[in-house]
Amino acid sequence: MSVLVGRSTRLMVQGLGTEGQNQIRRSLAYGTTVVAGVHPSFRGGADFEGFPVFDTAEEAVAAAQPNVSIIFVPAPGAADAILENVAVGVRLIVCITEGVPVHDMVRVRAALAHSKSRLIGPNCPGLITPSAKCRVGIMPTAVFQPGRVGVVSRSGTLVYEAVDQLTRLGIGQSSCVGVGGDPIIGTSQAEALEMFNRDRATDAVVLIGEVGGTAEQASAAYIEQHMTKPVVAFVAGATAPPGRRMGHAGAIIEGRSGTAAAKLEALSGAGATISRSPADIGLTMQRVLREQGLLKT
């Protein structure tokens with residue numbers, strides 16, 4: 001099993017500019033099944049790296065039956081690309097694009113509420129399932145190895161750091177989900193935790209948060225009430241000044257609830273094991289797995 005993407009993934013890429021082309025080549029090299037692309041400069045179903053490219057998502061879905069879409073469309077058009085995918089019934093949409101206007105995301109959230117589509121992102125690194133060699137996003141494949149620890153993160157860079165630590169310790173990953181750091185995103189940390197909690201291939205989860213908003217408090221509530229698997233949590237931004245934007249658009253501290261201290265307090269109180277330093281995420285998970293009898297070496 002896996003979370004969201006795996007061997008049954010049939011990927012459509014929307015936006016084949018320079019970055020989209022480079023990233024899709026890497027996903028193909030990793031083993032991901034890409035069945036169609038959408039880009040206006042490719043006319044009449046032209047071929048790119050072995051898959052056809054169409055003018056619209058509607059044409060691509062009718063011809064190739066993708067079940068996952070990844071969006072590399074620039075910020076001014078990203079929301080329309082998401083809505084086009086929702087309109088044609090793509091079940092999982094992953095938007096990598098950074099800088100999507102909040103007003104546009106309000107429209108997207110309203111459309112998602114009345115659809116069967118799920119959105120990951122925007123402003124996220126995407127998803128990867130190492131055992132299935134399936135990469136839908138921009139994550140560097142070299143640091144991943146198959147295993148039984150899930151990773152959920154608002155930060156892209158910290159996903160790679162945490163996974164590299166786990167891999168160096170011989171701890172593989174079931175799936176990794178970068179939910180994104182914008183104020184309005186599709187799938188929350190808590191929803192990702194719920195999926196890992198149901199996944200029989202996942203024994204434990206690393207949760208990486210950051211200052212701003214209350215997503216980590218919502219995750220803490222889920223952990224306390226429902227989580228049956230151990231969670232190791234790290235929250236970035238312990239020294240961030242209140243009222244100042246720190247990196248991601250969603251990382252703005254407004255009141256005590258947005259501080260790292262408040263988030264760590266909530267997560268610890270819910271039963272998560274806290275890693276106080278980003279350098280200790282892997283070692284903390286190793287200790288927790290040994291304590292739970294989930295790691296024999």
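Residues numbered from 1 in each chain as written. Predicted model: local features only at pLDDT ≥ 70, side-chain atom pairs only at ≥ 80, totals over all residues. Heavy atoms only, no water.

A. Layout of the overall build of the chain. Check the secondary structure of the chain and you find nine helices and 14 strands. A globule of 297 residues ought to have a C-alpha radius of gyration of about 19 Å, and the chain, at 19 Å, matches this closely. Expressed as lengths along the three principal axes of its C-alpha atoms, the size of the chain is roughly 55 × 45 × 30 Å. For the chain, the proportion of contacts with a sequence separation of at least 24, taken over those separated by at least 6, is 72%. (Helix = DSSP H or I, 4+ residues; strand = E, 2+ residues; numbered from the N terminus. Rg over C-alpha atoms; globule rule 2.2 N^0.38 Å. Contact = heavy atoms within 4.5 Å.)

B. Highlighting the pairing of strand β1 (residues 11-14). Residues Leu11 and Val13 of β1 are buried on one face, and the alternating residues Met12 and Gln14, pointing to the opposite face, are buried as well. Pairing of β1 with strand β2 (residues 34-38) involves four bridges; the strand directions are parallel. When the bridges of β2 are listed, Leu11 appears paired with Val34. Where the polypeptide runs from β1 across helix α1 (residues 18-30) and back to β2, its parallel neighbour, the crossover connection is right-handed. (Buried < 20%, exposed > 50% of the residue type's maximum accessible area, 1.4 Å probe, protein only. Pairing = 2+ DSSP bridges. Right-handed = clockwise from strand over helix to strand, strands pointing away.)

C. Examining the nonpolar core more closely. Membership of the largest hydrophobic core comes to 48 residues, with the highest contact counts inside it found for Ile70, Val94, Ile223 and Leu267. With five residues, the top contributor of residues to this core is helix α6 (residues 189-198). Contact partners of Ile70, with chain neighbours within four places excluded, come to Leu11, Met12, Val13, Gln14, Ile24, Val94, Ile96, Val136 and Gly137. Core analysis: the next-biggest nonpolar cluster, separate from the first, contains 26 residues, Ile128, Phe144, Phe234 and Leu295 among them. (Core = buried A, V, L, I, M, F, W, Y, C linked by side-chain atoms within 4.5 Å.)

D. Focus on unusual backbone geometry. Cis geometry is adopted by the peptide bond preceding Pro122, which originates at Gly121 and carries an omega value of 5 degrees. If you trace the backbone, Pro122 turns up in the loop between β7 (118-120) and β8 (126-129). Backbone geometry places Leu4, a non-glycine residue, at a positive phi of 75 degrees. For Leu4, the location among the structural elements is in the segment before β1.

E. Just the pairing of strand β11 (residues 173-178), in detail. When you tally the buried positions in β11, you get six out of six residues, the bulk of the element. Across three bridges, β8 lies against β11 in antiparallel orientation. Counterpart to Leu127 in the pairing with β11 is Val177. Bridge analysis of strand β10 (residues 146-153) against β11 gives five bridges, and the strand direction is parallel. Bridging from a neighbouring strand, Val151 pairs with Cys176 of β11.

F. Structural context of the packing of helix α7 (residues 215-226) against helix α8 (residues 260-270). Where α7 contacts α8, the axes come no closer than 8 Å and their chain directions differ by 5 degrees. It follows that α7 is roughly parallel to α8 by the angle criterion. Contacts from Ala215, Glu216, Gln217, Ala220, Ile223 and Glu224 in α7 reach Ala262, Lys263, Ala266, Leu267, Gly269 and Ala270 in α8. The residue inventory of the contact of α7 with α8, partitioned by class, reads seven nonpolar, two polar and three charged. (Axes fitted to C-alpha atoms, helices over the stretch in contact; angles between N-to-C directions. Parallel < 35°, antiparallel > 145°, perpendicular 65-115°, else oblique. Nonpolar A, V, L, I, M, F, W, Y, C, P; charged D, E, K, R; others polar.)

G. Molecular detail of the environment of Cys124. Inspection of the secondary structure assignment puts Cys124 in the loop between β7 and β8. On the accessibility criterion, Cys124 (5% relative accessible area) is buried. Counting along the chain gives 15 residues from Cys124 to Met139, while the straight-line C-alpha distance between them is 9.8 Å. Setting aside residues up to four positions removed in sequence, Cys124 forms contacts with Val94, Cys95, Ile96, Ile138, Gly178, Val179 and Gly180.

H. Summary view of the sheet that holds strand β4 (residues 51-54). Taken in spatial order, the seven strands of this open sheet run β3-β4-β2-β1-β5-β6-β7, and their pairing is mixed. In this open sheet, the two edge strands, each paired with only one partner strand, are β3 (47-48) and β7.

I. How the structure looks around the side chain of Glu216. Counting through the fold element by element, Glu216 comes out in helix α7. Glu216 gets classed as buried once you look at its relative accessible area, which sits at 0%. Here the side chain of Glu216 touches Gln189 through a polar contact of 3.2 Å, side chain to side chain. With residues up to four places along the chain from it excluded, the contact list for Glu216 reads Arg154, Gln189, Gly209, Glu210, Val235, Lys263 and Leu267. (Polar contact = N/O pair within 3.5 Å; in protein donor to acceptor, adjacent residues only side chain to side chain.)

J. Focus on the environment of Ile138. In this structure, Ile138 sits in the loop between β9 (134-137) and β10. By relative accessible area, Ile138 is classed as partly exposed at 28%. When the C-alpha positions of Ile138 and Ser117 are compared, they lie 21 Å apart, and in sequence the two are 21 residues distant. Ignoring sequence-local partners within four residues, the contact set of Ile138 consists of Gln23, Phe72, Ile96, Cys124, Pro125 and Tyr160.

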